[in-house]
Amino acid sequence: MNPEALATPAPAQGICSAGPAQPKYSADFEEELRTLGWIYDHDDADRPLRKYNAADGTMGEKASLENLPQESDEYFTLKQVVHRYVMRVVTEHYGFETVRLPLDKDLPPDHDPRVRTSIWLSPNALQKKHLLILAPGKCENRSPTWNIRGCIYDGLRIGTMETYFEKARERDWGLVILNPNNNGVVLDSDPERIQDEQDGPAPPHLVKGIEEFGFAEAAAHRACLTTQTLELERCGNWISNYLKRPDIILQDLSEQERRSRVHLIPMSEDPVVHMRYVWDNLIEPSEAKTVSFLAFSFGGFSVLRLLEARFEQMAKKVPAIAMADSSHFIDCTGQPDANVQDFLSSRVKNWICSSSPINHDLQQQRLHVPCVSSSTPTHGLVAGVIVDSAVAFLDSMMLPVAAGVGKGEA
């Protein structure tokens, strides 16, 4: 790893912190938001996004589906602005190192350097005694956030991962932020080199799947370009989010877009492969004696698949896994073996959507994992609201795992 990239950054203002000192990227971000007619309220603990009145410099109502429709151009622009800002906070304020995957040693011959993805490691993460792995879900979840939609409608404290950064720093834990949803890159192809029968970026099987959902071929191509994936579910979800905007879904392809193709990223073709590659090449060889996970939504499914594939390693090294409304049980075919079942029932806890008080025992299991209340009925908010309880659970399970399965209580 690059020692300069791992250096501890100078003190600056984080996403959730208030105070007069603002690094330039924060000031630029605030100015860009004001230009768009919005501002984050740093006097509110959740840091909600509010309307901004340029005439008198005052803040108005919070962002909502009523005043900021999810299908609007304004929302789409704000998503890009907020994501760029969060990325800068992670790398410049917290000093996370950006690691490109696949690693140089695993690049195929003549590999296009543009077809890679990134994950983020906190300063000296791989030298820490304990690692916390943050595994986000799908769709609107863009690393390094839990939920970009939550950043806009519910505030930066809920939508970003910063509260987990602070908890880890207090405990001197290393942090690894996975990037499981970045599975492909759209590249323009030389017209003379295109030999397939595609009339755009979406291959025939994806076009057929989208048409079976009742949408036109043009929608398949536009979804493929936007999501940079060949996955039917994600393309279908993107189209569903913009049903009120046929001008976006059915926008004509330019000649360059028509000859574009999605190139899947080696060793990150899907979330499960991505997680296994990071475990094998960075986490398992690290100096960490113990490793915990915080897995949100589909991130829980990827963790389960990793547990099944690397059980002996994880049984020795992983004291606990905290899940945030995990979907590990949805696409699971068959029952895990007895050892995995024991691990799930004794070392894992799932905070699920519920209006009951936080940590209330719901007297249910999802694929052997005990479930407790997250205190919110909204799926996208769970990872953000359970931080104190989830980290307390991980703390309680920090026992020598080699001696057997721990049974700590949060």
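Placed above this text is the structure.
Residues numbered from 1 in each chain as written. Predicted model: local features only at pLDDT ≥ 70, side-chain atom pairs only at ≥ 80, totals over all residues. Heavy atoms only, no water.

Draft legend 1. Looking closely at the overall build of the protein chain. Across its full length, the protein chain carries 16 helices and 14 strands. Pairs at least 24 residues apart make up 70% of the contacts formed inside the protein chain by residues separated by at least 6 positions. Put simply, the protein chain shows about 18000 Å² of open surface, and 50% of that area lies on carbon and sulfur atoms. (Helix = DSSP H or I, 4+ residues; strand = E, 2+ residues; numbered from the N terminus. Contact = heavy atoms within 4.5 Å. Areas by Shrake-Rupley, 256 points an atom, 1.4 Å probe, with all protein chains shown as cover.)

Draft legend 2. Structural view of helix H2 (residues 73-93). Helix length check: H2, at 21 residues, gives a terminal C-alpha distance of 30 Å against a target of 30 Å (1.5 Å per residue), a fit within 8%. Buried within H2 are the following residues: Tyr75, Leu78, Lys79, Val81, Val82, His83, Tyr85, Val86, Val89, Val90 and His93. Within two residues after H2, Gly95 carries a phi angle of roughly 70°, on the positive side. (Expected span 1.5 Å × (residues − 1). Buried < 20%, exposed > 50% of the residue type's maximum accessible area, 1.4 Å probe, protein only.)

Draft legend 3. Region of the structure containing the sheet that holds strand E11 (residues 321-324). The mixed open sheet is built from nine strands, whose spatial order is E4-E5-E7-E6-E10-E11-E12-E14-E13. The sheet is open, and its two borders are formed by strand E4 (97-101) and strand E13 (361-366), each paired with just one other strand. Geometrically, the sheet is characterised by an average inter-axis angle of 25° between neighbouring strands, direction not taken into account. Summarising the sheet, strand E10 (residues 290-296) and E11 pair through four bridges and their orientation is parallel. Residue pairing in the sheet places Ala295 in a bridge with Met323 of E11. Strands strand E6 (130-135), strand E7 (174-177) and E10 of the sheet are contacted by helix H5 (residues 162-171), whose axis makes an angle of about 155° with E7. (Pairing = 2+ DSSP bridges. Axes fitted to C-alpha atoms, helices over the stretch in contact; angles between N-to-C directions.)

Draft legend 4. Broad picture of the pairing of E11. Alternating positions in E11 separate into two faces, Ile321 and Met323 on one and Ala322 and Ala324 on the other, with burial throughout. Note that E11 and strand E12 (residues 348-352) share four bridges and pair parallel. By the bridge assignment, Ala324 is partnered in E12 with Trp351.

Draft legend 5. Region of the structure containing the pattern of salt bridges. All told, the structure shown has 21 salt bridges when counted by the stated rule. Between Arg245 and Asp73 there is a salt bridge, and its shortest N-O distance comes to 3.1 Å. Of this pair, Arg245 sits in the loop between helix H8 (232-241) and helix H9 (246-249) while Asp73 is found in helix H2, placing the two residues 172 residues apart along the sequence. Given the relative accessible area of 15%, Arg245 is considered buried. Among the ionic pairs, Asp106 bridges to Lys105, the shortest N-O distance being 2.9 Å. With a relative accessible area of 58%, Lys105 lands in the exposed category. Linked through salt bridges whose partners overlap, the residues forming this network are Asp73, Arg245 and Asp247. (Salt bridge = Lys/Arg side-chain N within 4 Å of Asp/Glu carboxyl O.)

Draft legend 6. Here's a closer look at unusual backbone geometry. Of the consecutive residues Leu101 and Pro102, the connecting peptide bond is found in the cis state with omega at 0°. Checked against the element boundaries, Pro102 lands in the loop between E4 and strand E5 (117-121). Backbone geometry places Asp172, a non-glycine residue, at a positive phi of 60°. Mapped onto the fold, Asp172 is located in the loop between H5 and E7. A positive phi angle is found at Gln363, which is not glycine, with a value near 55°.

Draft legend 7. Just the packing of aromatic side chains, in detail. Counted by the stated rule, this structure contains twelve aromatic pairs. Judged by centre distance (5.8 Å) and plane angle (70°), the rings of Trp351 and Phe393 are edge-to-face. Remark: Phe393 occurs in helix H16 (residues 387-396) and Trp351 occurs in strand E12; sequence separation between them is 42 residues. The residues Trp351 and Phe393 share a single accessibility class, namely buried. Members of the aromatic cluster, connected to one another through ring pairs, are Phe29, Tyr40 and Tyr85. Just above the ring of Trp173 sits the side chain of Arg171; from NZ or CZ to the centre is 5.7 Å. (Phe/Tyr/Trp six-rings, centres within 6.5 Å; stacked < 30°, edge-to-face > 60°. Lys NZ or Arg CZ within 6 Å of the ring centre and 35° of its normal.)

Draft legend 8. Representation of helix H12 (residues 298-309) in the model. End to end, H12 covers 17 Å across twelve residues, agreeing with the expected 16 Å (1.5 Å per residue, within 8%). Counting buried residues along H12, ten of its twelve residues qualify, which places the element largely inside the surrounding structure. Of the positions making up H12, those classed as buried are Phe298, Gly299, Gly300, Phe301, Ser302, Val303, Leu304, Arg305, Leu306 and Leu307. The secondary structure elements touched by the buried residues of H12 are E6, helix H11 (271-283), E10, helix H13 (311-317), E11 and helix H14 (338-347).

Draft legend 9. Structural detail: the packing of H12 against H14. With their axes 10 Å apart at the nearest point, H12 and H14 run at an angle of 135° to one another. In terms of their interaxial angle, H12 and H14 are classed as oblique. Where H12 crosses over H14, the handedness of that crossing is right-handed. For the pair formed by H12 and H14, the contact residues are Leu304, Leu307 and Glu308 on the first element and Val340, Phe343 and Leu344 on the second. In terms of residue class, the contact of H12 with H14 is made up of five nonpolar, no polar and one charged. (Parallel < 35°, antiparallel > 145°, perpendicular 65-115°, else oblique. Left-handed = near helix turned anticlockwise from the far one by under 90°. Nonpolar A, V, L, I, M, F, W, Y, C, P; charged D, E, K, R; others polar.)

Draft legend 10. The state of the cysteines, seen in detail. All told, the structure shown has zero disulfides when counted by the stated rule. Cysteine Cys224 remains unbridged, with the sulfur of Cys235 as its closest cysteine sulfur at 5.2 Å. (Disulfide = S-S within 2.5 Å.)

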